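Remarks on the overall topology
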Amino acid sequence: MKVAIVGASGAVGQEFLRVLDERNFPMDELILFGSSRSAGHVYNFRGKQITVKELKHNDDFKGIDVAFVSAGAGTSREFAETITKFGTVMIDNSSAFRMDNDIPLVVPEVNPEDALNRPCGIIANPNCTTIQMVVALKAIENLSHIKRVQVSTYQAASGAGATAMAELVKQYEQILKGEEPTVEKFAYQLAYNVIPHVDVFLENGYTKEEMKMYNETRKIMHSDIEVSATCVRVPVMRAHSEATWIETERPVSVEEARKAFAEAEGVVLQDEPAKKDYPMPLFIAGKDPVYVGRIRKDLTNPNGLTFWTVSDQIKKGAALNAVQIAEYLIKVKNIG
Ligand SMILES: NC(=O)c1ccc[n+]([C@@H]2O[C@H](COP(=O)([O-])OP(=O)(O)OC[C@H]3O[C@@H](n4cnc5c(N)ncnc54)[C@H](OP(=O)(O)O)[C@@H]3O)[C@@H](O)[C@H]2O)c1
(Lines give C-alpha, C1' and ligand atoms only; values in the text may rest on other atoms or scores of the structure.)
Protein backbone atom coordinates (compact mmCIF):
# COMPACT_ATOMS: atom_id res chain seq x y z
CA MET A 1 0.00 0.00 0.00
CA LYS A 2 1.44 3.35 -1.11
CA VAL A 3 -0.11 6.44 0.47
CA ALA A 4 0.23 10.16 -0.29
CA ILE A 5 -0.69 13.23 1.72
CA VAL A 6 -1.16 16.40 -0.32
CA GLY A 7 -0.92 19.51 1.87
CA ALA A 8 1.29 17.80 4.45
CA SER A 9 2.40 21.04 6.14
CA GLY A 10 -1.16 22.22 6.87
CA ALA A 11 -3.35 21.80 9.95
CA VAL A 12 -5.15 18.82 8.37
CA GLY A 13 -2.01 17.44 6.71
CA GLN A 14 -0.20 17.29 10.05
CA GLU A 15 -3.21 15.56 11.56
CA PHE A 16 -3.05 12.94 8.78
CA LEU A 17 0.48 12.07 9.90
CA ARG A 18 -0.71 11.61 13.50
CA VAL A 19 -3.88 9.66 12.60
CA LEU A 20 -2.16 7.28 10.16
CA ASP A 21 0.44 6.49 12.81
CA GLU A 22 -2.03 6.27 15.72
CA ARG A 23 -4.29 3.82 13.81
CA ASN A 24 -1.38 1.81 12.49
CA PHE A 25 -2.71 2.32 8.98
CA PRO A 26 -1.27 -0.44 6.77
CA MET A 27 1.24 1.02 4.32
CA ASP A 28 4.62 0.36 2.75
CA GLU A 29 5.40 3.89 1.75
CA LEU A 30 4.23 7.42 2.53
CA ILE A 31 4.85 10.29 0.11
CA LEU A 32 4.25 13.91 1.14
CA PHE A 33 3.33 16.73 -1.21
CA GLY A 34 3.01 20.49 -0.82
CA SER A 35 3.47 23.69 -2.77
CA SER A 36 6.87 25.25 -3.44
CA ARG A 37 6.53 26.88 0.04
CA SER A 38 6.90 23.61 1.95
CA ALA A 39 8.71 21.48 -0.67
CA GLY A 40 11.96 20.28 0.87
CA HIS A 41 10.64 20.38 4.47
CA VAL A 42 11.23 17.13 6.31
CA TYR A 43 8.68 15.39 8.55
CA ASN A 44 9.25 12.40 10.76
CA PHE A 45 6.85 9.47 10.33
CA ARG A 46 7.32 6.21 12.23
CA GLY A 47 11.01 7.02 12.72
CA LYS A 48 11.60 7.84 9.03
CA GLN A 49 12.42 11.29 7.66
CA ILE A 50 10.18 12.13 4.70
CA THR A 51 10.87 15.14 2.48
CA VAL A 52 7.92 17.07 1.04
CA LYS A 53 7.78 16.97 -2.76
CA GLU A 54 6.37 19.84 -4.78
CA LEU A 55 2.98 18.95 -6.28
CA LYS A 56 3.35 19.19 -10.04
CA HIS A 57 1.58 18.00 -13.16
CA ASN A 58 3.70 14.89 -13.72
CA ASP A 59 3.53 11.12 -13.11
CA ASP A 60 4.35 11.19 -9.37
CA PHE A 61 1.07 9.46 -8.44
CA LYS A 62 1.79 6.33 -10.50
CA GLY A 63 1.61 3.37 -8.10
CA ILE A 64 0.07 5.37 -5.24
CA ASP A 65 -3.07 3.60 -3.96
CA VAL A 66 -4.65 6.40 -1.97
CA ALA A 67 -4.03 10.14 -1.73
CA PHE A 68 -5.35 12.14 1.21
CA VAL A 69 -5.71 15.63 -0.23
CA SER A 70 -6.07 18.72 1.96
CA ALA A 71 -4.63 21.66 0.08
CA GLY A 72 -7.70 23.80 -0.61
CA ALA A 73 -10.41 23.57 -3.27
CA GLY A 74 -8.39 25.31 -6.01
CA THR A 75 -5.51 22.83 -5.69
CA SER A 76 -7.91 19.87 -5.64
CA ARG A 77 -9.60 21.04 -8.79
CA GLU A 78 -6.34 21.78 -10.56
CA PHE A 79 -4.65 18.49 -9.64
CA ALA A 80 -7.53 15.96 -9.56
CA GLU A 81 -6.68 14.61 -13.01
CA THR A 82 -2.95 14.37 -12.19
CA ILE A 83 -3.69 12.58 -8.90
CA THR A 84 -6.24 10.07 -10.24
CA LYS A 85 -5.01 9.32 -13.77
CA PHE A 86 -3.18 6.10 -12.79
CA GLY A 87 -5.96 4.81 -10.55
CA THR A 88 -5.06 6.48 -7.24
CA VAL A 89 -8.12 6.92 -5.02
CA MET A 90 -8.28 10.61 -4.11
CA ILE A 91 -9.95 11.31 -0.77
CA ASP A 92 -10.48 15.04 -0.88
CA ASN A 93 -10.95 17.27 2.14
CA SER A 94 -11.80 20.41 0.22
CA SER A 95 -15.20 21.64 -0.89
CA ALA A 96 -14.26 21.30 -4.59
CA PHE A 97 -16.30 18.21 -5.49
CA ARG A 98 -18.62 17.57 -2.54
CA MET A 99 -21.86 18.31 -4.34
CA ASP A 100 -20.88 16.80 -7.71
CA ASN A 101 -23.33 14.05 -8.68
CA ASP A 102 -20.66 11.53 -9.65
CA ILE A 103 -18.55 12.08 -6.52
CA PRO A 104 -19.60 10.33 -3.32
CA LEU A 105 -19.64 12.34 -0.09
CA VAL A 106 -18.93 9.95 2.73
CA VAL A 107 -19.07 9.66 6.51
CA PRO A 108 -18.26 6.05 7.38
CA GLU A 109 -20.74 5.89 10.29
CA VAL A 110 -23.55 6.98 7.94
CA ASN A 111 -23.02 6.02 4.27
CA PRO A 112 -19.78 4.00 3.85
CA GLU A 113 -21.04 2.04 0.83
CA ASP A 114 -21.36 5.27 -1.19
CA ALA A 115 -17.53 5.23 -1.35
CA LEU A 116 -17.65 2.14 -3.56
CA ASN A 117 -19.26 4.01 -6.46
CA ARG A 118 -16.65 6.60 -7.52
CA PRO A 119 -16.55 6.98 -11.30
CA CYS A 120 -13.97 9.79 -11.11
CA GLY A 121 -11.74 8.01 -8.57
CA ILE A 122 -12.55 10.77 -6.08
CA ILE A 123 -14.32 10.50 -2.73
CA ALA A 124 -15.17 13.76 -0.99
CA ASN A 125 -14.84 14.26 2.74
CA PRO A 126 -17.70 16.47 3.96
CA ASN A 127 -17.39 19.82 5.66
CA CYS A 128 -16.19 19.48 9.27
CA THR A 129 -19.36 20.96 10.83
CA THR A 130 -21.52 18.58 8.77
CA ILE A 131 -19.52 15.47 9.67
CA GLN A 132 -20.05 15.78 13.41
CA MET A 133 -23.71 16.68 12.97
CA VAL A 134 -24.60 13.72 10.71
CA VAL A 135 -22.83 11.22 12.99
CA ALA A 136 -25.17 12.36 15.79
CA LEU A 137 -28.25 12.69 13.54
CA LYS A 138 -27.84 9.12 12.27
CA ALA A 139 -28.51 7.78 15.78
CA ILE A 140 -31.88 9.56 15.88
CA GLU A 141 -32.75 8.94 12.21
CA ASN A 142 -32.61 5.22 13.06
CA LEU A 143 -35.49 5.84 15.54
CA SER A 144 -37.61 8.26 13.55
CA HIS A 145 -37.06 10.23 10.35
CA ILE A 146 -35.67 13.70 11.05
CA LYS A 147 -37.66 16.32 9.14
CA ARG A 148 -35.76 19.43 10.06
CA VAL A 149 -32.75 20.69 11.97
CA GLN A 150 -31.82 24.05 13.37
CA VAL A 151 -28.21 24.33 14.37
CA SER A 152 -25.83 26.96 15.73
CA THR A 153 -22.15 26.22 15.48
CA TYR A 154 -19.28 27.39 17.68
CA GLN A 155 -16.30 26.88 15.38
CA ALA A 156 -12.68 26.82 16.48
CA ALA A 157 -10.00 29.02 14.91
CA SER A 158 -8.16 25.98 13.56
CA GLY A 159 -11.07 25.37 11.18
CA ALA A 160 -9.48 28.11 9.08
CA GLY A 161 -6.07 26.39 9.02
CA ALA A 162 -2.66 26.57 10.65
CA THR A 163 -2.15 30.30 10.08
CA ALA A 164 -5.52 31.07 11.70
CA MET A 165 -4.47 29.22 14.87
CA ALA A 166 -1.26 31.24 14.93
CA GLU A 167 -3.23 34.47 14.43
CA LEU A 168 -5.45 33.79 17.45
CA VAL A 169 -2.43 33.14 19.72
CA LYS A 170 -0.72 36.25 18.39
CA GLN A 171 -3.82 38.41 18.96
CA TYR A 172 -3.94 37.49 22.67
CA GLU A 173 -0.18 38.20 22.98
CA GLN A 174 -0.54 41.55 21.21
CA ILE A 175 -3.55 42.60 23.30
CA LEU A 176 -1.71 41.72 26.54
CA LYS A 177 1.20 43.89 25.39
CA GLY A 178 -1.21 46.77 24.64
CA GLU A 179 -0.62 46.47 20.88
CA GLU A 180 -3.20 46.58 18.09
CA PRO A 181 -4.01 42.92 17.19
CA THR A 182 -3.20 41.70 13.67
CA VAL A 183 -6.37 40.76 11.76
CA GLU A 184 -5.74 38.82 8.55
CA LYS A 185 -7.51 35.45 8.58
CA PHE A 186 -10.88 36.51 10.01
CA ALA A 187 -13.15 39.47 9.27
CA TYR A 188 -12.54 40.89 12.77
CA GLN A 189 -10.38 40.34 15.85
CA LEU A 190 -11.30 36.86 17.15
CA ALA A 191 -9.59 37.14 20.54
CA TYR A 192 -12.24 38.12 23.17
CA ASN A 193 -14.88 38.00 20.42
CA VAL A 194 -17.27 35.76 18.46
CA ILE A 195 -17.84 36.31 14.74
CA PRO A 196 -21.15 35.20 13.12
CA HIS A 197 -19.45 34.77 9.77
CA VAL A 198 -17.73 31.60 8.50
CA ASP A 199 -16.90 31.52 4.77
CA VAL A 200 -18.48 33.97 2.32
CA PHE A 201 -22.02 35.38 2.32
CA LEU A 202 -24.41 34.20 -0.39
CA GLU A 203 -27.42 35.92 -2.00
CA ASN A 204 -29.91 34.31 0.42
CA GLY A 205 -28.14 35.88 3.43
CA TYR A 206 -26.66 32.58 4.60
CA THR A 207 -22.94 31.91 4.40
CA LYS A 208 -21.43 29.21 2.19
CA GLU A 209 -20.56 27.27 5.36
CA GLU A 210 -24.22 27.37 6.45
CA MET A 211 -25.42 26.19 3.04
CA LYS A 212 -22.83 23.37 3.11
CA MET A 213 -24.61 22.09 6.22
CA TYR A 214 -27.94 22.16 4.36
CA ASN A 215 -26.79 20.54 1.11
CA GLU A 216 -24.18 18.08 2.36
CA THR A 217 -26.44 16.67 5.09
CA ARG A 218 -29.11 15.81 2.49
CA LYS A 219 -26.57 14.15 0.21
CA ILE A 220 -24.87 12.07 2.94
CA MET A 221 -28.11 10.99 4.60
CA HIS A 222 -29.97 10.45 1.29
CA SER A 223 -32.75 12.41 2.91
CA ASP A 224 -35.17 15.30 2.37
CA ILE A 225 -34.04 16.68 5.76
CA GLU A 226 -33.96 20.49 5.96
CA VAL A 227 -31.15 22.23 7.83
CA SER A 228 -31.07 25.86 8.88
CA ALA A 229 -27.68 26.80 10.29
CA THR A 230 -25.96 29.78 11.87
CA CYS A 231 -22.18 29.29 11.82
CA VAL A 232 -20.14 31.25 14.31
CA ARG A 233 -16.37 31.48 14.80
CA VAL A 234 -15.33 31.45 18.47
CA PRO A 235 -11.91 31.97 20.09
CA VAL A 236 -11.39 28.28 20.74
CA MET A 237 -8.23 26.71 19.36
CA ARG A 238 -9.52 23.30 18.36
CA ALA A 239 -12.81 21.29 18.24
CA HIS A 240 -16.14 22.62 17.00
CA SER A 241 -19.31 22.65 19.14
CA GLU A 242 -22.89 22.65 17.87
CA ALA A 243 -26.25 23.37 19.52
CA THR A 244 -28.79 21.36 17.53
CA TRP A 245 -32.61 21.30 17.49
CA ILE A 246 -34.29 18.54 15.52
CA GLU A 247 -37.88 17.71 14.59
CA THR A 248 -38.66 14.05 14.05
CA GLU A 249 -41.68 12.42 12.37
CA ARG A 250 -42.81 10.95 15.72
CA PRO A 251 -41.90 12.24 19.18
CA VAL A 252 -38.63 10.75 20.46
CA SER A 253 -38.19 10.75 24.22
CA VAL A 254 -35.02 11.93 25.94
CA GLU A 255 -34.50 8.38 27.27
CA GLU A 256 -34.77 6.87 23.78
CA ALA A 257 -32.39 9.45 22.38
CA ARG A 258 -29.87 8.86 25.19
CA LYS A 259 -29.91 5.11 24.54
CA ALA A 260 -29.53 5.65 20.78
CA PHE A 261 -26.57 8.01 21.24
CA ALA A 262 -24.96 5.66 23.77
CA GLU A 263 -25.13 2.79 21.27
CA ALA A 264 -24.30 4.75 18.10
CA GLU A 265 -21.07 4.15 16.23
CA GLY A 266 -18.60 7.01 16.65
CA VAL A 267 -20.62 8.71 19.41
CA VAL A 268 -19.86 9.11 23.11
CA LEU A 269 -22.76 10.08 25.36
CA GLN A 270 -21.61 12.62 27.96
CA ASP A 271 -24.76 13.85 29.60
CA GLU A 272 -24.80 14.14 33.37
CA PRO A 273 -25.55 17.81 33.93
CA ALA A 274 -26.02 17.34 37.69
CA LYS A 275 -22.32 16.39 37.84
CA LYS A 276 -21.40 19.25 35.47
CA ASP A 277 -20.59 16.57 32.94
CA TYR A 278 -21.10 17.71 29.34
CA PRO A 279 -18.85 17.95 26.29
CA MET A 280 -16.51 20.94 25.92
CA PRO A 281 -13.90 21.63 23.22
CA LEU A 282 -11.10 22.13 25.75
CA PHE A 283 -11.32 18.48 26.76
CA ILE A 284 -12.28 16.96 23.42
CA ALA A 285 -9.51 18.35 21.19
CA GLY A 286 -7.43 15.41 19.96
CA LYS A 287 -10.14 12.78 20.55
CA ASP A 288 -11.82 10.65 17.85
CA PRO A 289 -15.57 10.50 18.63
CA VAL A 290 -18.44 12.93 18.47
CA TYR A 291 -19.50 13.73 22.05
CA VAL A 292 -23.20 14.36 22.75
CA GLY A 293 -24.74 15.91 25.84
CA ARG A 294 -27.40 18.34 27.14
CA ILE A 295 -30.18 16.19 25.61
CA ARG A 296 -33.60 17.75 26.24
CA LYS A 297 -37.12 17.93 24.83
CA ASP A 298 -37.63 21.04 22.74
CA LEU A 299 -40.06 23.15 24.81
CA THR A 300 -41.60 24.65 21.67
CA ASN A 301 -42.29 21.49 19.69
CA PRO A 302 -43.72 18.10 20.84
CA ASN A 303 -41.71 16.33 18.11
CA GLY A 304 -38.59 18.30 18.93
CA LEU A 305 -35.38 17.37 20.67
CA THR A 306 -32.32 19.47 21.40
CA PHE A 307 -28.75 18.48 22.18
CA TRP A 308 -25.14 19.69 22.19
CA THR A 309 -22.28 18.06 20.29
CA VAL A 310 -18.53 18.62 20.35
CA SER A 311 -15.96 16.98 18.10
CA ASP A 312 -12.40 17.67 17.00
CA GLN A 313 -12.93 19.08 13.52
CA ILE A 314 -9.34 18.54 12.38
CA LYS A 315 -9.59 14.92 13.49
CA LYS A 316 -13.11 13.51 12.96
CA GLY A 317 -14.04 16.55 10.86
CA ALA A 318 -11.17 15.98 8.43
CA ALA A 319 -8.20 13.60 8.73
CA LEU A 320 -9.79 10.80 10.75
CA ASN A 321 -12.94 10.68 8.61
CA ALA A 322 -10.79 10.40 5.46
CA VAL A 323 -8.62 7.65 6.97
CA GLN A 324 -11.75 5.79 8.11
CA ILE A 325 -13.01 5.89 4.50
CA ALA A 326 -9.73 4.33 3.33
CA GLU A 327 -9.92 1.74 6.12
CA TYR A 328 -13.43 0.83 4.96
CA LEU A 329 -12.19 0.39 1.36
CA ILE A 330 -9.40 -1.87 2.62
CA LYS A 331 -11.85 -3.85 4.78
CA VAL A 332 -14.16 -4.57 1.85
CA LYS A 333 -11.12 -5.25 -0.38
CA ASN A 334 -11.91 -2.32 -2.67
CA ILE A 335 -8.33 -0.94 -2.74
CA GLY A 336 -4.83 -2.09 -1.93
N1 LIG B 1 -8.76 22.99 9.32
C2 LIG B 1 -9.85 22.26 9.40
O3 LIG B 1 -10.43 22.07 10.48
C4 LIG B 1 -10.44 21.62 8.16
C5 LIG B 1 -11.47 20.71 8.34
C6 LIG B 1 -12.03 20.09 7.23
C7 LIG B 1 -11.54 20.39 5.97
N8 LIG B 1 -10.53 21.29 5.82
C9 LIG B 1 -10.06 21.53 4.45
O10 LIG B 1 -8.76 20.97 4.27
C11 LIG B 1 -7.98 21.78 3.40
C12 LIG B 1 -6.71 22.20 4.11
O13 LIG B 1 -7.06 22.92 5.28
P14 LIG B 1 -6.01 23.27 6.41
O15 LIG B 1 -6.82 23.79 7.54
O16 LIG B 1 -5.07 22.14 6.64
O17 LIG B 1 -5.24 24.51 5.73
P18 LIG B 1 -3.76 25.03 6.00
O19 LIG B 1 -3.33 24.78 7.37
O20 LIG B 1 -3.80 26.44 5.50
O21 LIG B 1 -2.86 24.15 4.98
C22 LIG B 1 -2.99 24.24 3.59
C23 LIG B 1 -2.11 23.19 2.95
O24 LIG B 1 -2.31 23.21 1.54
C25 LIG B 1 -1.07 23.20 0.89
N26 LIG B 1 -1.15 23.83 -0.41
C27 LIG B 1 -1.68 25.03 -0.71
N28 LIG B 1 -1.57 25.27 -2.05
C29 LIG B 1 -0.95 24.18 -2.58
C30 LIG B 1 -0.56 23.82 -3.89
N31 LIG B 1 -0.75 24.61 -4.94
N32 LIG B 1 0.05 22.61 -4.06
C33 LIG B 1 0.26 21.79 -3.02
N34 LIG B 1 -0.10 22.08 -1.75
C35 LIG B 1 -0.70 23.27 -1.54
C36 LIG B 1 -0.17 23.96 1.83
O37 LIG B 1 1.16 23.66 1.53
P38 LIG B 1 2.32 24.79 1.63
O39 LIG B 1 2.65 24.93 3.07
O40 LIG B 1 3.41 24.20 0.82
O41 LIG B 1 1.75 26.03 1.03
C42 LIG B 1 -0.62 23.42 3.17
O43 LIG B 1 0.03 22.20 3.42
C44 LIG B 1 -8.89 22.94 2.98
O45 LIG B 1 -9.52 22.60 1.77
C46 LIG B 1 -9.92 23.01 4.10
O47 LIG B 1 -11.13 23.55 3.68
C48 LIG B 1 -9.96 21.91 6.89
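Cut-offs applied
- Residues numbered from 1 in each chain as written.
- Predicted model: local features only at pLDDT ≥ 70, side-chain atom pairs only at ≥ 80, totals over all residues.
- Heavy atoms only, no water.
- Pairing = 2+ DSSP bridges.
- Helix = DSSP H or I, 4+ residues; strand = E, 2+ residues; numbered from the N terminus.
- Contact = heavy atoms within 4.5 Å.
- Axes fitted to C-alpha atoms, helices over the stretch in contact; angles between N-to-C directions.
- Core = buried A, V, L, I, M, F, W, Y, C linked by side-chain atoms within 4.5 Å.
- Buried < 20%, exposed > 50% of the residue type's maximum accessible area, 1.4 Å probe, protein only.

**Observations concerning the sheet that holds strand β1 (residues 2-6)**
Here we have six strands laid out as an open sheet, ordered β5-β2-β1-β6-β7-β8, and parallel in their pairing. Strands at the two margins of the open sheet, each flanked by one partner only, are β5 (53-54) and β8 (122-124). Relative to strand β7 (residues 89-92), strand β6 (residues 66-69) runs parallel, the two sharing four bridges. Bridge pairing links valine 66 to valine 89 in β7. In the packing of helix α1 (residues 11-22) onto the sheet, the strands contacted are β1, β2 (29-34) and β6, and the crossing angle to β1 comes to about 150 degrees. Across the face of the sheet, helix α2 (residues 73-84) comes into contact with β1, β6, β7 and β8 while running at roughly 155 degrees to β7.

**A word on the pairing of strand β13 (residues 290-297)**
Note that strand β12 (residues 267-269) and β13 share three bridges and pair parallel. Opposite valine 268, over in β13, you have tyrosine 291 as the bridge partner. Pairing of β13 with strand β14 (residues 304-311), which is carried by five bridges, proceeds in the antiparallel orientation. Following the sheet pairing, glycine 293 is matched in β14 by tryptophan 308. If you look at the hairpin formed by β13 and β14, you'll find six residues sitting between the two strands.

**Details of the nonpolar core**
Residues Phe61, Leu137, Val149 and Phe261 are the most contacted members of the largest nonpolar core, which totals 54 residues. The biggest single contributor to this core is helix α3 (residues 128-141), with eight residues. The residues touching leucine 137, leaving out its near neighbours within four places in the chain, are Ile146, Val149, Thr217, Met221, Ile225, Ile246 and Phe307. Formed by 32 residues, the second largest nonpolar core is a distinct cluster that contains Phe16, Phe45, Val89 and Ile325.

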